[in-house]
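Notes for the structure review
Listed below are the residues making up each chain.
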Amino acid sequence: MILADRGGRGASKTEGIVVKGVGGLYHVRAPGGELYFCRARGIFRNERISPLPGDRVEIYVIDEAGRAGDLYAILPRRNVLARPRAANVDAAVIVMAAALPALNPDLLDRFLLLNERAGIGQAICVNKCDLPGPAPEFVRKAYAAAGYPVFEVSAALKTGLEAFSEFLSGKVCVLAGPSGVGKSSLVNALCPGKNRETGELSAKIGRGRHTTRETALIELFPGAYVMDTPGFTSLDISGVSADELPGLFPEFRPFIGRCRFTDCAHDREDGCAVKDAVGGAVSEARYKRYIAFREETAACRERF
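The structure presented is a predicted model; accordingly, all values stated were derived computationally and were not measured.

Parameters and conventions
- Residues numbered from 1 in each chain as written.
- Predicted model: local features only at pLDDT ≥ 70, side-chain atom pairs only at ≥ 80, totals over all residues.
- Heavy atoms only, no water.
- Helix = DSSP H or I, 4+ residues; strand = E, 2+ residues; numbered from the N terminus.
- Buried < 20%, exposed > 50% of the residue type's maximum accessible area, 1.4 Å probe, protein only.
- Contact = heavy atoms within 4.5 Å.
- Areas by Shrake-Rupley, 256 points an atom, 1.4 Å probe, with all protein chains shown as cover.
- Pairing = 2+ DSSP bridges.
- Axes fitted to C-alpha atoms, helices over the stretch in contact; angles between N-to-C directions.
- Polar contact = N/O pair within 3.5 Å; in protein donor to acceptor, adjacent residues only side chain to side chain.
- Salt bridge = Lys/Arg side-chain N within 4 Å of Asp/Glu carboxyl O.
- Parallel < 35°, antiparallel > 145°, perpendicular 65-115°, else oblique.
- Nonpolar A, V, L, I, M, F, W, Y, C, P; charged D, E, K, R; others polar.

1. Some details on the overall build of the protein
Each helix and strand counted, the protein has 7 helices and 14 strands in total. Relative to its 304 residues, the protein shows a buried fraction of 49%. Residue pairs in contact within the protein that sit at least 24 positions apart in sequence constitute 65% of those at least 6 positions apart. Of the roughly 14,600 Å² of accessible surface on the protein, a fraction of 48% belongs to carbon and sulfur atoms.

Right, here's the structure in full:
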C-alpha cells in the first residue's frame, strides 16, 4: 500500500475507485456512488507517484457538501496496464472496425502481445459490422481459434451488444484501439446518456480523429466499468525478448515442448510442432507476424 500523510482533523475516511485524473485532481467514485474530487498529497508528489484510473484508494473527505477530499492511500494493485495507463484491469478489449478504418492486424497483435505479457485477460470487439468487409471473418478465424473472445457488433445499429454487455458485467475493462473505430460510440450504445464525444474519419488519411483525450473510467451499470481511452496508431514491443515470444501466442502453447529440439525457436528448425500446426490450429497470418516480431526484437537487442 502506498500511503501519504493524513487528511485534516475531523476528516472522515472512505474507500473508492479512481475514475479519472486531470491536472492533479482525481475523481474518486465511492461505494455509495458519490463522486469526490481529490488532491493527492505528500508522498505522491514527492515520489512522483501518480494514481491511475482503476486504482482502489483511501480518501479523507474534507468537505462533504463540496465533495472535496484528500487522496491518502493507493491500495495494492493487481496489475498495471502500460498503454493506456490504468490499474486493476480485469480485461483489455481491443476494438477494431470492420471497415473505415481498415483492420490493422499488426497493431492488433502488438496489443495482444503486450497484454499477454502483463497477464491481463483480453477480448476483441469488431465494431461497424453493419459495413461490408472481410474483417469479421478474418478475426473470427485467426483469433477466436486462438482462444480470444470475439464480439461482432454495430454501435450504429445497436446489434451484438447483449453478448458484449454480458462479458463486461462485473469487470473493469479497458476499451483500446485506433482512433475512428468507434470506442466512444460503443460506450454511448451500451449506456445511453453517457454522451461520449464521437468523431468522424479523416477523408485525407483514412484514420479517425482523436475525440477522447484522457483515460476515463465510466460506470456502464452497477459493477461494470469501462475505460474509454485515446486512440493510438503504434505500439513498441522492443522490451519483449525473442525467447518469451512463443509463450505470448496462446495458440502456440499446446505445441511448445513437442518440437524435436528443446530450444526450438519455431522458425527454421525441422520437426517443429508449432510450424506443423500452421494452417490448422495456428493461423498462418499470426505465425508470419510471430516471425516478424522475432526479427524485430532481435534487431532491437543487437542495437543495444
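There is more to say, and it comes next.
2. Observations concerning unusual backbone geometry
Cis geometry marks the peptide bond from leucine 100 to proline 101; its omega dihedral reads 5 degrees. For proline 101, the position within the fold is in the loop between β9 (91–97) and α2 (105–118). With phi around 55 degrees, leucine 100 is a residue other than glycine that occupies positive phi space. Relative to the assigned elements, leucine 100 resides in the loop between β9 and α2. Its identity as a non-glycine residue notwithstanding, histidine 266 has a phi of 60 degrees, on the positive side.

3. Details of the sheet that holds strand β10 (residues 121–127)
Pairing within the open sheet is mixed, and its 6 strands lie in the order β11-β10-β9-β12-β14-β13. The open sheet has two edge strands, β11 (150–152) and β13 (216–221), and neither has a second partner. Pairwise comparison of adjacent strand axes, ignoring direction, gives a mean angle of 25 degrees for this sheet. The pairing of β9 with strand β12 (residues 172–176) spans 4 bridges and is parallel. Within β12, the residue paired with isoleucine 94 across the bridge is alanine 176. Sheet strands in contact with α2 are β9, β10 and β12, and its direction is about 180 degrees off that of β9. Sheet contacts for helix α5 (residues 183–190): β9, β10, β12, β13 and β14 (224–228); angle to β14, the most-contacted strand, approximately 155 degrees.

4. Let's talk about the environment of aspartate 236
Structurally, aspartate 236 is set in the loop between β14 and α6 (273–277). For the pair formed by aspartate 236 and leucine 107, sequence separation is 129 residues and the distance between their alpha carbons is 9.9 Å. At 2.9 Å, the side chain of aspartate 236 and the backbone nitrogen of serine 238 are in polar contact.

5. Considerations on the pairing of strand β6 (residues 68–74)
Buried residues dominate β6, accounting for 6 of its 7 residues. Pairing of strand β4 (residues 35–40) with β6 involves 4 bridges; the strand directions are parallel. Looking at β6, one finds that alanine 40 is bridged to leucine 71. Taking the residues that link successive antiparallel strands as the turn, the strand β5 (residues 56–63)-β6 hairpin has 4 residues, and the phi of arginine 67 there is positive, at about 55 degrees.

6. Here we look at the pattern of salt bridges
The tally for this structure, following the rule as stated, stands at 15 salt bridges. A salt bridge links arginine 67 to glutamate 64; its shortest N-O distance comes to 2.1 Å. Classification of glutamate 64 by relative accessible area gives partly exposed; the value is 40%. Across the pair arginine 286 and glutamate 251 runs a salt bridge whose closest N-O atoms are separated by 2.8 Å. Taken together, the positions of arginine 286 in helix α7 (residues 284–303) and glutamate 251 in the loop between β14 and α6 put the pair 35 residues apart, joining distant regions of the chain. Each member of the pair, arginine 286 as well as glutamate 251, is classed as buried. Residues participating in the shared-partner salt-bridge network are Asp109, Glu251, Arg286 and Arg289.

7. Things to note about the packing of helix α4 (residues 161–168) against α5
Their axes nearest at 11 Å, the elements α4 and α5 cross at an angle of 90 degrees. For the element pair α4 / α5, the angle class is roughly perpendicular. On α5, the residues that touch Leu161, Phe164, Ser165 and Leu168 of α4 are Leu186, Ala189 and Leu190. Grouping the constituent residues of the contact of α4 with α5 by class yields 6 nonpolar, 1 polar and no charged.

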